[in-house]
Each structure stands twice: as structure tokens, then as C-alpha cells.
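Chain residues, written in single-letter form:
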Amino acid sequence: MKQCYEDYEATADWLRSKTAQRPKVAIICGSGLGGLAELLHNKVVFPYKDIPLFPQTTVEGHQGQLVFGTLEGQQCVCMQGRFHTYEGYDLKQVTYPVRVFSLLGVKTLILTNASGGLNSSYKVGDIMLIKDQINLPGLVGNNPLCGPNEDRFGERFLCMSDAYDSDLIALAQQTAEEQGIEEFMQKGVYCMVSGPTYESVTEGRALRTLGADTVGMSTALEVVVARHCGLRVLGFSLITNMVVTEYDSKQRANHAEVLETTRMRTQVLEGLVTKIVAKIQ
Ligand SMILES: O=P(O)(O)O[C@@H]1C[C@H](O)[C@@H](CO)O1
Ligand SMILES: Nc1nc2[nH]cnc2c(=O)[nH]1
């Protein structure tokens, strides 16, 4: 499927015609982390299947609906479920909602994800503020900005050294302190791989050597497209499991464990994001 500017406009126009809400903040919820959308007030909910040109979610823990509403007085739009390349979607489909958000007038994108911990000082249940990313698919040609540049969204050559907004990171750190949850807050580098396989021992070790603190199967592509259209970005990675990096380990990564850990920390992460949203200008 080849998206053009008019497709993004058609989806944004359709949403505008169905709700008078004009969010400035968008939130993409990771695996098992969609509960945040339930906290919105004056909710207007659109199942993805009803939204023109929107992909559908196929993964357990990703509900598949777009929720507009107000969080602490701030108008927000929340994706309860995201799209991944391992589901068979291409790079433009995975990132489709981000450009729609930009056309709707969103200025700040908050992303959450579930990830495997690579940094041995991290623990299952820690929440990592993403300070930078390794877009592994992008480094080898699978970058969502490949192809003709759409100047109406952004420039051809995009700087990614400031992808995660330092003011928003500072705001998040300050808010975590106020919430008294610094003990399980981390700040580090997220690496995206395509999945759906979890890492072999040697792959896990290699990613750690590259400088990654956590690894997951999302986020980096959405962030590239968000930065291309000028959105400010804040990201959180919930460490749902530790990546197995010992050849004789009996531990095995699995999605059930991922979802179980999200259940353990979902309220804390929701509380943190809510308080941050309240302070975003
Ligand atoms: O959407 P996210 O990145 O939170 O989901 C992670 C990566 C895979 O989709 C899944 C693996 O358990 O969780
Ligand atoms: N690639 C990857 N994605 C994850 N998502 C949640 N845990 C993991 C993990 O260990 N590896």
C-alpha cells in the first residue's frame, strides 16, 4: 500500500468531522499498557476498523481503538494498541497514525513500550526514560522516510541526535521524584528490532555491546516519523523481562511474562504519564 498526503488528510478530516476535540498531546500505548486511555474524561472512542485507512491491531494486549478525551485538563488522543512490522505491516502503515496526529494539530507525542532489559543493573518492572534510540531496521534500509520525501511534513534529511526532547525528559524526571518512584526509574537507550522473535543469547550480547539498555519491537519508527513532522517526543520503556545473555540460562522470554509485568506496573506508569501530561505546555 502506498500512502500519499491526501490519505493522511482524509483520515484526519474524517476524525475531525466525528469529534470537536482538538488534542495537542498524543499517547501511543505499548503492549498491555492501554489502560491509560481509560483515564481520559469525555471519551470519544473510534475502533480502528471504523477509521478510514487505519491498520488493525493483531497482537494480544493491543486493544485497537483510538480514544480522544481529556487528561488533567489537557486534550489528548490515545492509541490503545499500535502496529508493528512483524504483523506484516510496512513501515508507512506502522507510522500512519503519527502523521494523522500531526495533521490534527498534535504537538507532543508520548510513547510507551514493553521491552527486554539488556543493562544488567536494570530489574524487571523498572521504567526507563528513553534518552536515545537505535533504529536497527532503519540503519539497514528499513527507514519509514525512505522513498520520495513529503515536504509538507518535513525535510529530506532529518537530524536524529535530539530525537527525545531534553526538556520533556527533565519534566518526567522531576515528576517521577514528586511521585516517589525514582527507585525504579532508569534513563537509557532503547533499541528496536523487527521481531517477532525474541533475542538469541548472542544477539542480546551484541545489542548490549552496541550501547542498548533495552530492546523491543516498536517505537523507533514512530519516533522517526514524529520528528520528521516536528513533534516533540517523550518515551518510556517498561522492562518486562531480562534478555537472556547466558548460554546455559534456563530462562525463556515469552509474551505472557511481558503482559504479566505490564499488569504489575501499569498503574504507576499511568500515574506518571498523567502528571506529566498535566504539565505539558
Ligand atoms: O508494542 P510494544 O513494543 O510495547 O510490544 C512489545 C514488543 C512486542 O510487540 C511484544 C513482545 O512481547 O511486546
Ligand atoms: N525484542 C524484544 N522485544 C521485547 N518486548 C518485550 N520484551 C522483549 C524482549 O525481550 N525482546
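Further up the page is the structure itself.
Reading guide: rules and limits
- Residues numbered from 1 in each chain as written.
- Chains lettered and ligands numbered in written order.
- Predicted model: local features only at pLDDT ≥ 70, side-chain atom pairs only at ≥ 80, totals over all residues.
- Heavy atoms only, no water.
- Helix = DSSP H or I, 4+ residues; strand = E, 2+ residues; numbered from the N terminus.
- Polar contact = N/O pair within 3.5 Å; in protein donor to acceptor, adjacent residues only side chain to side chain.
- Near = heavy atom within 4 Å.
- Areas by Shrake-Rupley, 256 points an atom, 1.4 Å probe, with all protein chains shown as cover.
- Nonpolar A, V, L, I, M, F, W, Y, C, P; charged D, E, K, R; others polar.
- Contact = heavy atoms within 4.5 Å.
- Phe/Tyr/Trp six-rings, centres within 6.5 Å; stacked < 30°, edge-to-face > 60°.
- Buried < 20%, exposed > 50% of the residue type's maximum accessible area, 1.4 Å probe, protein only.
- Lys NZ or Arg CZ within 6 Å of the ring centre and 35° of its normal.

Another aspect to go through is the environment of asparagine 241. Relative to the helices and strands, asparagine 241 is located in strand S9 (residues 232-242). Separated by 176 residues in the primary sequence, asparagine 241 and glutamine 65 place their C-alpha atoms 26 Å from one another. Reaching out from asparagine 241, the side chain makes a polar contact with the side chain of threonine 240 at a distance of 2.8 Å.

Before going further, it helps to examine the site of ligand 2. Looking at ligand 2, there are 13 residues lining it, with Ala114, Gly116, Glu199, Gly216 and Asn241 nearest. Backbone polar atom of glycine 116 to a nitrogen atom of ligand 2: 3.3 Å apart, as the coordinates give it. About the coverage of ligand 2: the protein hides 96% of its 280 Å² of free accessible area. Mapped by element, the contributors of at least two residues to the shell around ligand 2 are strand S5 (108-117), strand S8 (214-216) and S9. Looking at the shell around ligand 2 element by element, the count peaks at 3 residues for S5. Residues of the shell around ligand 2, tallied by class, amount to 7 nonpolar, 5 polar and 1 charged.

With respect to the helices and strands, asparagine 119 occurs in the loop between S5 and strand S6 (127-135). Of note is the side chain of asparagine 119, whose polar atom sits 3.0 Å from the side chain of aspartate 213. Those residues within four positions of asparagine 119 in sequence are excluded, and the remaining contacts are Arg208, Asp213 and Met242.

Here we come to the packing of aromatic side chains. Tallied over the full model, the rule gives 10 aromatic pairs. Judged by centre distance (5.3 Å) and plane angle (55°), the ring pair of tyrosine 48 and phenylalanine 83 falls under tilted. Of this pair, tyrosine 48 sits in the loop between strand S2 (41-47) and strand S3 (65-71) while phenylalanine 83 sits in the loop between strand S4 (74-80) and helix H2 (91-94), and the two are 35 residues apart along the sequence. Judged on exposure class, the residue tyrosine 48 and its partner phenylalanine 83 are both buried. Relative to phenylalanine 83, the ring of phenylalanine 54 lies with its centre 6.0 Å away and its plane at 80°, an arrangement referred to as edge-to-face. One end of the pair, phenylalanine 54, is in the loop between S2 and S3; the other, phenylalanine 83, is in the loop between S4 and H2, and 29 residues separate them in sequence. Accessibility assignment for this pair places phenylalanine 54 and phenylalanine 83 in one class, buried. Each residue in the set Tyr5, Tyr8, Tyr48, Phe54, Phe83, Tyr89, Tyr96 and Phe153 is aromatic and connected to the rest through ring pairs, giving one cluster. The aromatic ring of tyrosine 5 is capped on one face by arginine 152, whose charged end is 4.1 Å from the ring centroid. When the ring centre of phenylalanine 184 is taken as reference, the NZ or CZ atom of arginine 265 above it lies at 3.7 Å.

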